[in-house]
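Each chain, letter by letter, is given below.
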Amino acid sequence: MIVTIAIGLGLGLIGLGILGMLISGIQSLIKGKQDYKKILTMLVPFAFFGIAFGIFGDITQAGVATMLFMLALMILTIFLTGLRGTFNV
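All values derive from a computational prediction rather than experimental measurement.

> Quick rundown of helix α4 (residues 59-87)? Include the residues and the values.
With 29 residues, α4 should cover 42 Å at 1.5 Å per step; its first-to-last C-alpha distance of 42 Å lies within 8% of that length. Those residues of α4 not exposed but buried are A62, A65 and T66. Close packing links the buried residues of α4 with α3 (44-56). Looking at the residues trailing α4, positive phi occurs at N88, about 50°.

Here's what the structure looks like:
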C-alpha cells in the first residue's frame, strides 16, 4: 500500500515538473527568448515515443524503444562531436 502511494506521488511530482517546464517554455517562446529549433529538438523523444507506440501498440515496449533510440542518438552525437573536435571541422 505504501509503495503504491509512493509511486503515485513520484509520478505526480514528475507530471508537475513536466507541466512547469511546458508552461515556462511556452512563456519563453511567446516572449521571444527561445529559438524554434531548440523547442523542436526537445520534442524529438515525444515524437519518437508516439511513432513507437503506433508501431508496438504497448506503452512499455514504446518506452523501451524510445530509451534505446535516445541512447543510440546520444552515443552517435558524442562520437560526431568528438570527430569534429579531433579534425577541427
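> Explain a nonpolar patch on the surface to me, using residue names and the numbers behind them.
Together, V44, F69, L73, L76, F79, L80, L83 and F87 make up an exposed nonpolar region whose accessible area comes to about 700 Å². It is α4 that contributes the most residues to the nonpolar patch, seven residues altogether. Examined against the element boundaries, F87 turns out to sit in helix α4.

Thresholds, definitions, all that
Residues numbered from 1 in each chain as written. Predicted model: local features only at pLDDT ≥ 70, side-chain atom pairs only at ≥ 80, totals over all residues. Heavy atoms only, no water. Helix = DSSP H or I, 4+ residues; strand = E, 2+ residues; numbered from the N terminus. Expected span 1.5 Å × (residues − 1). Buried < 20%, exposed > 50% of the residue type's maximum accessible area, 1.4 Å probe, protein only. Contact = heavy atoms within 4.5 Å. Patch = residues over 30% accessible without salt bridge, like charges linked within 9 Å, V, L, I, M, F, W, Y side chains within 5 Å. Areas by Shrake-Rupley, 256 points an atom, 1.4 Å probe, with all protein chains shown as cover. Salt bridge = Lys/Arg side-chain N within 4 Å of Asp/Glu carboxyl O.

By themselves, these observations are geometric and do not establish any function.
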